[in-house]
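Here are the chains, one letter per residue:
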Amino acid sequence: MEIFPDVHWLDLGFSNVYLVADTDGLTLVDAGMPRQTRKILSAIAQLGYQPDALRRIVITHADIDHAGSLAALVQATGAAVYAGSPTAALLRQGRGPEHVPVPGPIQFLAGLFRYGSVAQVNEMADGHELPCLGGLRILAAPGHTLEHHAFFSPATGVLFAGDALNTRQDRLNLTPRRITADMTLARQTAHLLLNLRPRLFACGHGRPLRDLPADHLTHFLEEI
């Protein structure tokens, strides 16, 4: 579904991924759970592209529901992978990041899950840009996980928030405490992202939200 000019939302059931069309081909934001490759390739075909039109895959963080099909997609398309440096290290191992500062049941369960590793990952740092949507800027967005990044296009106002934010019933929400490594950082990240005044919030979970009223953003900032 096209939710913004050249930005397409793929609801994979458990999480969202996004396809961006540019003159040089396609960019995929996040890669979903394992075994979602066929759905993503089908969406690429429905847009009129061959698999090798997928030029790059950018990953917000290394959780299995955001990177689970990454290795299979790279094999099928030859796309280059981009991620923040700590995320890149995890992707090369095919494992997820820590979510809680003190080990417990959630972290134990997360540690049981592994997915296909990717040997070649282009590492990005805060402030770097990709040639997509007029310049897609990487932003350090820790909180949900400490290595989490978001991607923002100042030219269009499109924000790919990953799990720094989520949406429910047409409202923005903060990452849930039970799966968040650092709630203080999560709140700081939310302030950073909302102060960008995005036109489109494309989150990892929930329906994308476009052109939210200013009072909605102000109220949410006051809440957190």
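First things first, this report covers the structure right here in the doc. Predicted, not measured: the structure shown is a model, and the values here were computed from it.

## A look at the overall build of the chain
Alright, step 1. A tally of helices and strands in the chain yields seven helices and 15 strands.
Alright, step 2. Taking 224 residues into account, the globule formula puts the C-alpha radius of gyration at 17 Å, and the chain, at 16 Å, falls close to it.
Alright, step 3. Judged by the C-alpha coordinates and their principal axes, the chain covers about 45 × 40 × 30 Å.
Alright, step 4. A sequence separation of at least 24 residues applies to 63% of the contacts in the chain between residues at least 6 apart.
Alright, step 5. Total accessible area computed for the chain in this model is approximately 10,100 Å², and 52% of it derives from carbon and sulfur atoms.
Alright, step 6. Looking at the chain, you have 18 positive and 21 negative side-chain charges, and the mean spots of the two groups are 5 Å apart.

## Quick look at unusual backbone geometry
Alright, step 1. Despite not being glycine, arginine 35 has its phi angle at roughly 65°, a positive value.
Alright, step 2. You can see arginine 35 is positioned in the loop between β4 (25–29) and α1 (37–46).
Alright, step 3. Judged by its relative accessible area of 81%, arginine 35 falls in the exposed class.
Alright, step 4. We note that aspartate 211 has phi near 50°; this positive angle belongs to a residue other than glycine.
Alright, step 5. Tracing the backbone through its elements, the reader meets aspartate 211 in the loop between β15 (209–210) and α7 (214–223).

## Quick notes on the side chain of aspartate 30
Alright, step 1. Following the sequence through the fold, aspartate 30 ends up in the loop between β4 and α1.
Alright, step 2. Buried aspartate 30, no salt bridge; nearest opposite-charge side chain is arginine 56, N-O distance 14 Å.
Alright, step 3. At 2.8 Å, the side chain of aspartate 30 forms a polar contact with the backbone nitrogen of threonine 60.
Alright, step 4. What aspartate 30 contacts, discounting residues up to four positions off in sequence, is Asn16, Val17, Ile57, Val58, Ile59, Thr60, His61 and His66.

## Thoughts on the sheet that holds β15
Alright, step 1. Read from one edge of the open sheet, six strands run β8-β9-β10-β11-β14-β15, paired in mixed fashion. Lying at the two open borders of the sheet, with one neighbouring strand each, are β8 (129–130) and β15.
Alright, step 2. When strand β11 (residues 158–162) meets strand β14 (residues 200–203), the two strands line up parallel, connected through four bridges. Each bridged residue has a counterpart across the sheet, and for glycine 162 the counterpart in β14 is cysteine 203.

## As for the pairing of strand β6 (residues 80–84)
Alright, step 1. Examined bridge by bridge, strand β5 (residues 54–58) and β6 share three bridges and lie parallel to one another. By the bridge assignment for β6, arginine 56 is matched with alanine 80.

## A look at the nonpolar core
Alright, step 1. Ranked by internal contacts, the top residues of the largest apolar core, which has 27 residues, are Ile59 and Leu91.
Alright, step 2. Listed in part, the 21 residues of the second largest apolar core include Ala150, Phe152, Leu159 and Leu172.

## So, α7
Alright, step 1. Among all positions in α7, only His216, Leu217, Phe220 and Leu221 are buried. Mapping the buried residues of α7 onto a view down its axis gives an arc of 130°, with all of them on the same face. Of the residues in α7, the exposed ones pointing more than 90 degrees away from the buried face are Ala214, Asp215, Glu222 and Glu223.
Alright, step 2. Check the buried side of α7 and you find it contacts β12 (165–168), β13 (171–174), α6 (183–194) and β14.

Reading guide: rules and limits
- Residues numbered from 1 in each chain as written.
- Predicted model: local features only at pLDDT ≥ 70, side-chain atom pairs only at ≥ 80, totals over all residues.
- Heavy atoms only, no water.
- Helix = DSSP H or I, 4+ residues; strand = E, 2+ residues; numbered from the N terminus.
- Rg over C-alpha atoms; globule rule 2.2 N^0.38 Å.
- Contact = heavy atoms within 4.5 Å.
- Areas by Shrake-Rupley, 256 points an atom, 1.4 Å probe, with all protein chains shown as cover.
- Lys, Arg positive; Asp, Glu negative; His and termini not counted.
- Charge placed at Lys NZ, Arg CZ, Asp CG, Glu CD.
- Buried < 20%, exposed > 50% of the residue type's maximum accessible area, 1.4 Å probe, protein only.
- Salt bridge = Lys/Arg side-chain N within 4 Å of Asp/Glu carboxyl O.
- Polar contact = N/O pair within 3.5 Å; in protein donor to acceptor, adjacent residues only side chain to side chain.
- Pairing = 2+ DSSP bridges.
- Core = buried A, V, L, I, M, F, W, Y, C linked by side-chain atoms within 4.5 Å.
- Arc of directions from axis to C-beta.

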